[in-house]
Amino acid sequence: MQEQNYSHKGWQRILLFIIPYLFVVGLFQYAGYLIAGLDITDPQPTKSISHQLIIRVFDLVGTLLVLYFFMTFLDKKPFVALGFQTHKRQREFWTGIAIGFLIMFTGYSILYFSSEITVITTDLDATKLIQSVVFFSIIAVVEESIFRGYILRNLMLSMPKYIALSVSALVFALMHAFNPNVSSFALFNIFLAGILLGLSYVHTKNLWFPIALHLSWNLFQSLFGFNVSGQGFYSVVKIQVDQANGLNGGAFGFEGSYIAVIAQLITIAAIAIYYNSKSKTDAVTTSTTEY
């Protein structure tokens, strides 16, 4: 078996990335606040979905510019090498959308029929729905490009891939440490989410499955009435949690629940089994062809 040679360059590029990213994206977000007409000095400004969408668009532009610069001039790779190759990736994308919906629908159903949540009303607003899809799409692209496309990709150049996956998932969790209503258990769930979102990237170096799953997870979590990582957004179903506990996730949302842990562990196992089986099949096919 050929020994893998690791380099410190991956770590170095990540460390070099942090300050320029924070500075440039901070400037773009500031511009977004100004365009949205919000007071940047207000620690808790009232932000509608339209305000949040404007800020996120500027966040996206700033993030992609920094990533393009680093990929082109530091990594010496084309921007698409982050994982944006589209050839034969449609199935992976729609599979990610379906898995996110299935998890949220199942979780919502379990909590509803066990009387952990109560439906207050419904609010189907086409404009807010479209805005929510765009908003959570931007979040998915930004976070997956950074944490999987750049950080995980470079970590795998410096250490074994599953250690790199764990480190990237830990960084992903820590970035949510200051979210509203967060707890240590909620951060453990976010860590699992980092494993779930990064596992396919370890095998494919492609972002479309994790982007789709991330989008679907957040979007349907919100539409079914749950807070998303502790924050409230537009929802079609308005629910009430009568008593916050580990089953319903309380104020942090579905991501703070034991159901989320189970759902993520099952999905992680399924993804691992799929890619291990696929690698064995590919190895047999290659061996047969060579013979």
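Structure's up top.
Residues numbered from 1 in each chain as written. Predicted model: local features only at pLDDT ≥ 70, side-chain atom pairs only at ≥ 80, totals over all residues. Heavy atoms only, no water.

**Remarks on the environment of Gln243**
Its location among the elements puts Gln243 in the loop between strand S2 (237–241) and helix H8 (258–290). Separated by 35 residues in the primary sequence, Gln243 and Lys278 place their C-alpha atoms 44 Å from one another. Excluding residues that lie within four positions of it along the chain, Gln243 makes contacts with Glu116 and Asn248. (Helix = DSSP H or I, 4+ residues; strand = E, 2+ residues; numbered from the N terminus. Contact = heavy atoms within 4.5 Å.)

**What about unusual backbone geometry?**
The residue Lys88 is not glycine, and still its phi comes out positive at about 60 degrees. Mapped onto the elements of the fold, Lys88 is located in the loop between helix H2 (49–74) and helix H3 (90–113). You will see that Asn181, though not glycine, has its phi angle at about 65 degrees, which is positive. Within the secondary structure, Asn181 is located in the loop between helix H5 (161–174) and helix H6 (184–204).

**Some thoughts on H3**
For H3, with 24 residues, the first-to-last C-alpha span of 34 Å sits near the 34 Å given by 1.5 Å per residue. Taken together, the buried positions of H3 are Glu92, Gly96, Ile97, Gly100, Ile103, Met104, Gly107, Tyr108, Ser109 and Leu111. Two residues or fewer after H3 comes Ser115, characterised by a positive phi angle close to 65 degrees. (Expected span 1.5 Å × (residues − 1). Buried < 20%, exposed > 50% of the residue type's maximum accessible area, 1.4 Å probe, protein only.)

**Let's talk about the pattern of salt bridges**
Applying the stated rule across the entire model yields 5 salt bridges. In this structure, Arg13 and Asp75 form a salt bridge, with 3.3 Å as the shortest nitrogen-oxygen distance. You can see Arg13 sitting in helix H1 (residues 9–36) and its partner Asp75 sitting in the loop between H2 and H3, a full 62 residues away along the chain. Put simply, Arg148 and Glu144 hold a salt bridge, and the shortest N to O gap is 2.7 Å. Residue Arg148 and its partner Glu144 are located together in helix H4 (residues 126–155), separated by 4 residues, close to a single helical turn. When sorted by exposure, Arg148 lands in the same class as Glu144, which is buried. Within this structure, Arg13, Asp75 and Arg153 form a network of salt bridges that share partners. (Salt bridge = Lys/Arg side-chain N within 4 Å of Asp/Glu carboxyl O.)

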